[in-house]
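Given next are the chains, with one letter for each unit.
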Amino acid sequence: DEEGMQPLRKQLLDSALHYYEEFAQQQTDDPAVLAELAATHYRIAMTQLASESPNWVEPYQASLEILERLVDDGGQMPVWADSTAGIFTYHRVGSVPFDNPKTALAVLERGGRVFSKLVAANPTAVGLKHDLAASHFMAGNIYQNTRQPMSAVDRFQKAKQIWESLLDAGQASP
């Protein structure tokens, strides 16, 4: 965040959020469109995080519901899942905002389970591995902020192990 650029950053994030929210209103049974809807909900959640808003939980949950449906229907993901960056890369290091830590942690723990299943079904999908690591990292952040150090360390170590394995394989995010 460069000095004086915060208003422009907020305007760009708000614009992206509006676009994603409009796309997320679609209804379909097509697996390719469902996968893109899941990605859109996930991007809404990550855009909310980038805006330091605790409103990321609901769209993250919506993304997981669709991803679980895709896993139950065979688990094959489209091209975006194999990209290095995953659905959306959360680059900001800092505190994960939340209103209710219990709810936020439940959603992130569910995210860890869902992305673990997706990684198992799609072992070459580097992007899904990044998303799994991000889920662990965000949970660790909330555990840390709610003074649960053992759980925080566990989640941070899981994220670190995934990211280190990607680095060792030359598959780190650019």
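Below is a summary of the structure that appears in this document. (Residues numbered from 1 in each chain as written. Predicted model: local features only at pLDDT ≥ 70, side-chain atom pairs only at ≥ 80, totals over all residues. Heavy atoms only, no water.)

Structural notes on the packing of helix 4 (residues 101-121) against helix 5 (residues 126-145)
Reasoning step 1: Following both chains from N to C, one finds helix 4 and helix 5 inclined at 160 degrees, their axes separated by 9 Å at the closest point. Between helix 4 and helix 5, the interaxial angle falls into the category roughly antiparallel. Both helix 4 and helix 5 take part in a crossing whose hand is left-handed. Each of Pro101, Ala104, Leu105, Leu108, Glu109, Gly111, Gly112, Phe115, Ser116, Leu118 and Val119 in helix 4 lies in contact with helix 5, whose residues at this interface are Leu128, Lys129, Asp131, Leu132, Ser135, Met138, Ala139, Ile142 and Tyr143.
Reasoning step 2: Taken together, the residues of the contact of helix 4 with helix 5 sort by class into 13 nonpolar, four polar and three charged. (Axes fitted to C-alpha atoms, helices over the stretch in contact; angles between N-to-C directions. Helix = DSSP H or I, 4+ residues; strand = E, 2+ residues; numbered from the N terminus. Parallel < 35°, antiparallel > 145°, perpendicular 65-115°, else oblique. Left-handed = near helix turned anticlockwise from the far one by under 90°. Contact = heavy atoms within 4.5 Å. Nonpolar A, V, L, I, M, F, W, Y, C, P; charged D, E, K, R; others polar.)

Quick notes on unusual backbone geometry
Reasoning step 1: Of note in the backbone geometry, Glu52 takes a positive phi value of approximately 60 degrees without being a glycine.
Reasoning step 2: Among the residues examined, Glu52 registers a relative accessible area of 46% and is labelled partly exposed.
Reasoning step 3: For Arg147, which is not glycine, the phi dihedral falls at a positive 60 degrees.
Reasoning step 4: Structurally, the position occupied by Arg147 is in the loop between helix 5 and helix 6 (149-168).
Reasoning step 5: The class of Arg147 is exposed, set by a relative accessible area of 73%. (Buried < 20%, exposed > 50% of the residue type's maximum accessible area, 1.4 Å probe, protein only.)

Let's talk about the pattern of salt bridges
Reasoning step 1: Enumeration according to the criterion identifies six salt bridges in this entry.
Reasoning step 2: Note that Lys158 and Asp154 form a salt bridge whose closest N and O atoms lie 3.7 Å from each other. Linking Lys158 with Asp154, this pair stays in helix 6, spanning four residues, or about one helical turn.
Reasoning step 3: Residue classification places Lys158 among the partly exposed positions, given a relative accessible area of 32%. (Salt bridge = Lys/Arg side-chain N within 4 Å of Asp/Glu carboxyl O.)

Observations concerning the packing of aromatic side chains
Reasoning step 1: Summed over all chains, the structure comprises five aromatic pairs.
Reasoning step 2: Consider the rings of Tyr42 and Phe115, whose centres lie 5.7 Å apart with planes at 70 degrees: the pair is edge-to-face. One end of the pair, Tyr42, is in helix 2 (residues 31-50); the other, Phe115, is in helix 4, and 73 residues separate them in sequence.
Reasoning step 3: In this structure Phe115 comes out as buried when scored by relative accessible area, which is 0%. (Phe/Tyr/Trp six-rings, centres within 6.5 Å; stacked < 30°, edge-to-face > 60°.)

Interpretation note: all reported values are geometric properties and have no functional meaning in isolation.
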